[in-house]
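# Breakdown of the fold
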Amino acid sequence: MQREMASQSEVIDRLRATFRSGVTFPEQFRMTQLQNLLSLVEENEQLIQDALHKDLHKPKFESVLSEIQITLNDLYFAMENLRTWMQPEYNIGKNLATRMDDCFIRREPLGVVLIIGAWNYPLHLILLPLVAAIAAGNCAILKPSEICQATEQLLAELIPKYLSQDCYAVLCGGAEDTKSLLKNKFDHIFYTGSQVVARSILLAAAPHLTPVTLELGGKSPCFIYGHIDIQKAAKRLCWSKFFNTGQSCVAPDYVLCTAQTRDALLPALRETLRTFYGPDPGASLDMGRIVTPRHWRRLVDMLEKSKGKVVIGGGSREEDRYIAPTVLVDVQESDALMQEEIFGPILPILTIESLEEGIDYINRQEKPLALYVFSDETSVVTTVLNNTSSGGFCGNDGIVHMALPGLPFGGVGASGMGSYHGRWGFETFSHRRGCMNRSWLLERVNVLRYPPYSDYNLGWLRWATTFKKNSWGGCSVM
Amino acid sequence: MEKQAVQRAREAFLAGRSRPLEFRVQQLKSLQRMITDRQGEIATALKQDINRSQYDTPLFELIGLENEISLAVSKLAQWAAPRPVERNLLTISDQAYIQPEPLGVVLIIGAWNYPWALTLQPLVGAIAAGNAAVVKPSELSVYSASLLKALLPRYLDQELYPVVCGGVSETQELLRQRFDHVFYTGNSTVGKLVMEAAARHLTPVTLELGGKSPCYIDKDVDLRVACRRITWGKFVNCGQTCIAPDYILCEPSIQNRVVEGIRQTLLEFYGPDPKSSPDYGRIINQRHFNRLMTLLEGYTATVGGQSDSSQRYIAPTVVKDVPPQARLMQEEIFGPLLPIVTVSDIDDAIHFINEREKPLALYLFSSNKKVIKRMLAETTSGGVTVNDVIMHYTLNSLPFGGVGQSGTGRYHGKHTFDQFSHHRACLVKSLGMEEVHMVRYPPQNHQKVRRVRLAMRTPLVDFSKGTYIWAVTASIVALGLLVALTVILILAAGVSCTCL
């Protein structure tokens, strides 16, 4: 244990020394590292797919779409925009007093950051933050999830091969190792995972005053309300729910709809599932598995305890950790399925009489990571948007809002703090330093602020610095 | 009592009262009226708290606050509006935007050195962003705290923006409650405790802390002007400013001239006896007075050094040739003591600064562009002012905040609004274009994989500057060729016409 801690500190010290040398600051260096990371993913696609299949039984399509392509996209986006992102921001308002000055905002690297990955998308959940950290000029320690051992091994092997070993390191291990790692000081901690662990990370960060980004989860509600093409909605709902076997932090957790909609929805869901996975989803190549026996057991137990009625699926198989795509109706607020994030291929449908009832229900719970509404009626979408809060929102589809790099991806309240993807990741891992370069001139104007004070001077200063309605920016104090 | 205030604020927030833009504007205007109407009382409270001169109050607390309120009132609609983002091929017909939303009930813990500005400026942003806010002024500025407690409920909604006064135990009780954001201004010791308390509820925090803000003076500058600007920033509010230049770094060859420059300026500012100048402040309390006197132990002041415990007065003091390991150099001074540490050159100065914790502000005085560039590129700090001190605080389009031990988060102007908002990513699609979306559904095959990969690539069109310039140039050239062709044709037609 002592030895573990010693080697962790050695790695951190080495990275810190590298950071101090300033080698990660130049654009060229960051670009090269990003290029190398790109090569890592492109040249090892097959190995990555194999590892993901081993860990999660991930279908090739899902690996490509939600692990490989999303990482590549973020890399292309970062490389294309890096220069712009790194530029000091000059276009900020100045006032009368600072008209002659140079005012700008610099984006500066933070130092050595810690990125803790998760097991459900073991590649992109650790590489997308890494892209942002590299682009922002930091050194980074990666701590992949130990639950996905094949992916963890692959990352531990490939990262040192492609990226600078003095700047980026992979540290593997379990809960104890993570705990000891957190005793060290970092300049930012980026964590994806559960609320329980998130609390302990914040508590570990507090004594060092380390800023933290938390990408957590919650029960993401899905409204299906008003006038809607049920067939299309069912397709998109099924796709987003059962992708990665429901093990997505932004999967629609449960559905809220009227009894009438429910009755139209069920046959549409049945048909869609048959189209997607055939009559026996357990035999389909496109259906994944639950990550570990422990997680499988948790889901099966939840299903058993539920008082809802299973109308689709319900089957499960312990040997390969399979759970059939399952839909339940007549699920109440107090049901076992409604107490925690499901994170599996089980979809409860709660019946509501009105939109307000559904909105009230949502607002009684913690703020979710995502919120979905399927409806043709703009008023329905607007009502839900204006009366709820969530990390992100998607109308008439599921999950895909996280694939647009222009949108920040993150939670609020219990679903997390901070955000990333695209430029947002760059900002997360940067310090925004406000800079003012004053001219030597206008010392006569400056004199107004010096003691001995007088009403006369104060009058002039007030005039010069008071914000005028149509002026560009304002002055707080002279 | 604290619990009830928070509970009431939450109920008021959930009722939706703080959300409509008109309400927020009305509250802000009311806050504006409070400051204008009660200036005299505020100035009196500050005089009693910290012997603040009657001019320093509007200068350092109120004008800034008024400007923040005017800015917020004027720009609120713009700040609160949805912010559209770039789309890709798959989302080209959808609405993609970021919607700023209120967080809920926030806690604002103020500080004692600028009790009005540092407590109310965050409040302006909290109100503008649509939140309810519990305001906890610092108990060290006793008169200001009780005045705020008396005034605020008369101007603002009492349930949405309660003022809770008290000491350590009341603050701890408050911190046990659940908030949607905690905004703390103060020192890093308490900052850590605030972060720890917030951690239990997974509450995000903004910490405006402090540190030792270095001030480097290059040898070839106009020392007269430099020293005047530094003296102003150092001794205003008797040195009790989080962004005051904490210590000076300069080469030994100019040290004496720097000392002289400061001595001269002090005479101009406060006269031969600062104690009797109406413009010179006092230390906030006995504990801080004693702390500062201890820092000075064992060192002879080159300028000043006098003190009067009964008045908590310490003369503006400069100490030369301070060794880096001196007590004066171990903690943030936060008082009218100015140590000068000598360094051999810019490299030495940069090294000295980087060996220490990241400061809240960094100052440098130089006419040499290269020196300025190096200092900016090779150090970091919350903010920077070059060739002056403190001024970066005054431009509210610059984000104001620390980094590392000097804090986390930022505010001022729109940045306060953003800090107290949740930026909700919204993608509103239609159920159309289903043929495009079919590629992502199972059952899967190679072609589908390829098509999806293509559709996911962003951006749709290369908006980079290079392409833009190429596009414009190519258009101009093409247009030019077209014009040339037309001219030739006309001339050719003209020639044949003449022939006829």
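All values derive from a computational prediction rather than experimental measurement.

## Points about the overall build of chain A
The helix and strand inventory of chain A stands at 16 helices and 17 strands. Summarising the internal contacts of chain A: among those between residues at least 6 apart in sequence, 72% fall at separations of at least 24. Side-chain charges of chain A comprise 47 positive and 52 negative groups, with the mean position of each set lying 6 Å from the other.

## Structural notes on the interface of chain A and chain B
Each side of the interface is counted separately: chain A has 117 residues, and chain B has 118 residues. Both sides together, the interface formed by chain A and chain B hides about 10000 Å², and carbon and sulfur atoms give 59% of it. Put simply, chain A and chain B have 7 salt bridges between them. For the pair chain A and chain B, the number of links is 38 residue pairs in polar contact (both at pLDDT 80 or more). In terms of residue count, helix H4 (residues 60–86) of chain A provides more of the side of chain A that touches chain B than any other element does, 12 residues in total. Its residues assigned to classes, the side of chain A that touches chain B shows 59 nonpolar, 32 polar and 26 charged.

## Some remarks on the pattern of salt bridges
Enumeration according to the criterion identifies 53 salt bridges over all chains in this entry. When salt bridges with common partners are traced through the structure, they connect Glu 89, Arg 107, Arg 423, Glu 427 and Arg 432 of chain A into a single cluster.

## Section: the side chain of His 421 of chain A
All names here are of chain A. Its location among the elements puts His 421 in the loop between strand E16 (416–417) and helix H14 (422–428). For His 421, a relative accessible area of 3% translates into the label buried. Contacts of His 421, omitting those with residues within four sequence positions, involve Asp 74, Leu 128, Met 402, Pro 405, Leu 407 and Phe 409.

## Remarks on the confidence of the model for chain B
Reading fine detail from the predicted coordinates is not recommended where pLDDT is low. This prediction gives chain B a mean pLDDT of 92; 96% of its residues lie at or above 70. For this predicted complex, the interface score ipTM comes out at 0.92, alongside a pTM of 0.92.

## Looking at the pairing of strand E3 (residues 139–143) of chain A
Residue and element names in this part refer to chain A. When you tally the buried positions in E3, you get 5 out of 5 residues, the bulk of the element. Judged by which residues are buried, E3 turns out to be covered on both faces: Cys 139, Ile 141 and Lys 143 on one side and Ala 140 and Leu 142 on the other are all buried. Two elements, strand E2 (residues 112–116) and E3, share 5 bridges in a ladder whose sense is parallel. Bridge pairing in E3 links Leu 114 to Ile 141. Crossover E2 to E3 through helix H5 (residues 124–135) is right-handed. One crossover worth recording links E3 to the parallel strand E4 (residues 168–170) by way of helix H6 (residues 149–162), and it is right-handed.

## A closer look at the environment of Asp 157 of chain B
All names here are of chain B. The residue Asp 157 is located in the loop between helix H6 (142–155) and helix H7 (168–176) in this model. Those residues in contact with Asp 157 that lie beyond four places of it in its chain are Arg 17, Phe 23 and Gln 27. Within the local environment of Asp 157, its side chain forms a polar contact with the backbone nitrogen of Leu 160, the two atoms lying 3.0 Å apart.

## A closer look at the sheet that holds E3 of chain A
The strand order across the open sheet formed by 6 strands is E4-E3-E2-E5-E6-E16 (chain A), and the pairing between neighbours is mixed. At either margin of the open sheet sits one strand with a lone partner, and together these are E4 and E16 of chain A.

## Side note on the environment of Phe 25 of chain A
For Phe 25 of chain A, the position within the fold is in the loop between helix H1 (2–20) and helix H2 (27–43). Overall, the relative accessible area of 27% leaves Phe 25 of chain A in the partly exposed class. Once the C-alpha coordinates of Phe 25 of chain A and Ile 134 of chain A are considered, the two residues, 109 residues apart in sequence, prove to be 9.5 Å apart. When neighbours within four sequence positions are excluded, Phe 25 of chain A is seen to be in contact with Phe 19, Arg 30, Met 86, Pro 109 and Gly 137 of chain A together with Ala 377 of chain B.

## Observations regarding unusual backbone geometry
Here the bond from Pro 451 of chain A into Pro 452 of chain A is cis, since omega is -5°, no more than 30 degrees from zero. The omega torsion of the bond from Pro 442 of chain B to Pro 443 of chain B falls at -10°, within 30 degrees of zero and hence cis. Along the chain, Pro 443 of chain B falls in the loop between helix H15 (434–437) and helix H16 (446–456). If you check the backbone angles, His 57 of chain A has positive phi at about 55° while not being a glycine. Here His 57 of chain A shows up in the loop between helix H3 (45–56) and H4. Positive phi is not limited to glycine here, since Phe 334 of chain B has a value of about 55°.

## Re H6 of chain B
Residue and element names in this part refer to chain B. In this model H6 runs 21 Å from its N-terminal to its C-terminal C-alpha over 14 residues, within 8% of the 20 Å that 1.5 Å per residue would give. Taken together, the buried positions of H6 are Ser 144, Ala 145, Leu 147, Leu 148, Leu 151, Leu 152 and Tyr 155. Residues of H6 that are buried sit in contact with helix H2 (21–37), helix H3 (39–50), helix H5 (117–128) and strand E4 (132–136).

Calculation criteria
- Residues numbered from 1 in each chain as written.
- Chains lettered and ligands numbered in written order.
- Predicted model: local features only at pLDDT ≥ 70, side-chain atom pairs only at ≥ 80, totals over all residues.
- Heavy atoms only, no water.
- Helix = DSSP H or I, 4+ residues; strand = E, 2+ residues; numbered from the N terminus.
- Contact = heavy atoms within 4.5 Å.
- Lys, Arg positive; Asp, Glu negative; His and termini not counted.
- Charge placed at Lys NZ, Arg CZ, Asp CG, Glu CD.
- Buried area = accessible area lost by both parts, 1.4 Å probe.
- Salt bridge = Lys/Arg side-chain N within 4 Å of Asp/Glu carboxyl O.
- Polar contact = N/O pair within 3.5 Å; in protein donor to acceptor, adjacent residues only side chain to side chain.
- Nonpolar A, V, L, I, M, F, W, Y, C, P; charged D, E, K, R; others polar.
- Buried < 20%, exposed > 50% of the residue type's maximum accessible area, 1.4 Å probe, protein only.
- pLDDT = per-residue confidence, 0-100.
- Pairing = 2+ DSSP bridges.
- Right-handed = clockwise from strand over helix to strand, strands pointing away.
- Expected span 1.5 Å × (residues − 1).

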